[in-house]
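Inside the fold
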Amino acid sequence: QQQVKQSPQSLIVQKGGISIINCAYENTAFDYFPWYQQFPGKGPALLIAIRPDVSEKKEGRFTISFNKSAKQFSLHIMDSQPGDSATYFCAAESEGNTPLVFGKGTRLSVIA
Amino acid sequence: NAGVTQTPKFRILKIGQSMTLQCTQDMNHNYMYWYRQDPGMGLKLIYYSVGAGITDKGEVPNGYNVSRSTTEDFPLRLELAAPSQTSVYFCASSYSGQPQHFGDGTRLSIL
């Protein structure tokens, strides 16, 4: 059973455009939703995270939008740059520090 | 400031061989994790530990063993390597309720 469904699997965006990656979850006990960024040959690194008490969190060009009733959250990358080309993973975790559940990842390519 | 260090970075094993993937962290994190990453499949949790002497199974523990004798180290053992265990293995650590910090992975091929 896949607890966090991520789409699309791959995404190509023009430089300066908006990249949007979506995730949906099933477990209503999840209360922490991070996004990780992974470059080739490296481990994932935390990019931005949100808790369900807010509907949006913005850090620079990166924004998480959260819809609790729809059990969905998304990552928006504004003014996408070639340096943003990486694989992005959404994840979810429930209270009590149970291990993170990861989506399958989205490979983003930003082309000039 | 090393963070999470994994060794080796690459390894080729023959079917049936055994090996230990090493992971050490210098952040005094109580939680440590082992994941495997296969193309298009995301990260799957193998084992995790909430502190020295305590380990628990994740989603895909079969064929692996772990131990946690110190806060810093969390080795992953493959006893009888199988082709299905060809993967990239990531170790991570965290404080309770805090983001996980990942190492750069061990790329393992079993032939």
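You'll find the structure just up there.
This report concerns the structure included in the present document. (Residues numbered from 1 in each chain as written. Chains lettered and ligands numbered in written order. Predicted model: local features only at pLDDT ≥ 70, side-chain atom pairs only at ≥ 80, totals over all residues. Heavy atoms only, no water.)

Scanning chain B from N- to C-terminus turns up 0 helices and 11 strands. Ordering the α and β elements of chain B from the N terminus gives β-β-β-β-β-β-β-β-β-β-β. Relative to a compact globule of 111 residues, whose C-alpha radius of gyration would be 13 Å, chain B shows 13 Å and is just as compact. Out of the 111 residues belonging to chain B, those deemed buried represent 45%. Contacts spanning at least 24 positions in sequence make up 54% of the contacts within chain B whose residues lie at least 6 apart. Only carbon and sulfur atoms are counted for the fraction: they give 52% of the accessible area of chain B, which is about 5,200 Å². Considering chain B, the positive charge centre built from 9 side chains and the negative charge centre built from 8 side chains are found 8 Å apart. (Helix = DSSP H or I, 4+ residues; strand = E, 2+ residues; numbered from the N terminus. Rg over C-alpha atoms; globule rule 2.2 N^0.38 Å. Buried < 20%, exposed > 50% of the residue type's maximum accessible area, 1.4 Å probe, protein only. Contact = heavy atoms within 4.5 Å. Areas by Shrake-Rupley, 256 points an atom, 1.4 Å probe, with all protein chains shown as cover. Lys, Arg positive; Asp, Glu negative; His and termini not counted. Charge placed at Lys NZ, Arg CZ, Asp CG, Glu CD.)

Let's shift gears to the packing of aromatic side chains. Between two aromatic rings, the relevant description is the distance of the centres plus the angle of the planes. All names here are of chain A. Considering all chains together, one arrives at 17 aromatic pairs over all chains under this definition. Taking 6.2 Å as the distance between ring centres and 55° as the angle between the ring planes, the aromatic pair formed by Tyr25 and Phe73 counts as tilted. Separated by 48 residues along the polypeptide, Tyr25 in strand 3 (residues 19-25) and Phe73 in strand 8 (residues 72-77) bring together distant segments of the chain. This pair shows no difference in class: Tyr25 is buried, exactly as Phe73 is. (Phe/Tyr/Trp six-rings, centres within 6.5 Å; stacked < 30°, edge-to-face > 60°.)

This part takes up the sheet that holds strand 7 (residues 62-67) of chain A. Residue and element names in this part refer to chain A. Read across the open sheet, the 5 strands follow the order 1-3-8-7-6; overall the sheet is antiparallel. The two strands at the open ends of the sheet, each matched to only one other strand, are strand 1 (4-7) and strand 6 (56-59). Strand-to-strand twist of the sheet, defined as the mean angle between neighbouring strand axes without regard to direction, takes the value 15°. Note: strand 6 against strand 7, 4 bridges, orientation antiparallel. Across the sheet, Lys57 pairs through a bridge with Ile64, a residue of strand 7. (Pairing = 2+ DSSP bridges. Axes fitted to C-alpha atoms, helices over the stretch in contact; angles between N-to-C directions.)

On to the pattern of salt bridges, then. When the charged atoms of two side chains with opposite charge come close together, those side chains can pair. In this structure the tally under the stated criterion is 6 salt bridges over all chains. In this structure, Glu59 of chain A engages Lys57 of chain A in a salt bridge whose closest nitrogen and oxygen atoms are separated by 3.7 Å. Residues Lys44 of chain B and Glu59 of chain B are paired through a salt bridge, measuring 3.5 Å at the closest nitrogen-oxygen approach. One end of the pair, Lys44 of chain B, is in strand 5 (residues 43-51); the other, Glu59 of chain B, is in the loop between strand 6 (54-57) and strand 7 (64-66), with 15 residues separating them in the sequence. You can call Lys44 of chain B partly exposed: its relative accessible area is 22%. Taking relative accessible area as the criterion, Glu59 of chain B reaches 53% and is therefore assigned exposed. (Salt bridge = Lys/Arg side-chain N within 4 Å of Asp/Glu carboxyl O.)

Moving on to the sheet that holds strand 1 (residues 4-7) of chain B. Residue and element names in this part refer to chain B. Strand order across the open sheet formed by 4 strands is 1-3-8-7, with antiparallel pairing between neighbours. Strand pairing shows two members of the sheet lacking a second neighbour, strand 1 and strand 7, which therefore form its edges. Across the sheet, the axes of successive neighbouring strands diverge by a mean angle of 20°, strand direction being ignored. By the bridge criterion, 3 bridges tie strand 3 (residues 19-25) to strand 8 (residues 76-78) in an arrangement that is antiparallel. Paired with Thr20 across the bridge in strand 8 is Arg77.

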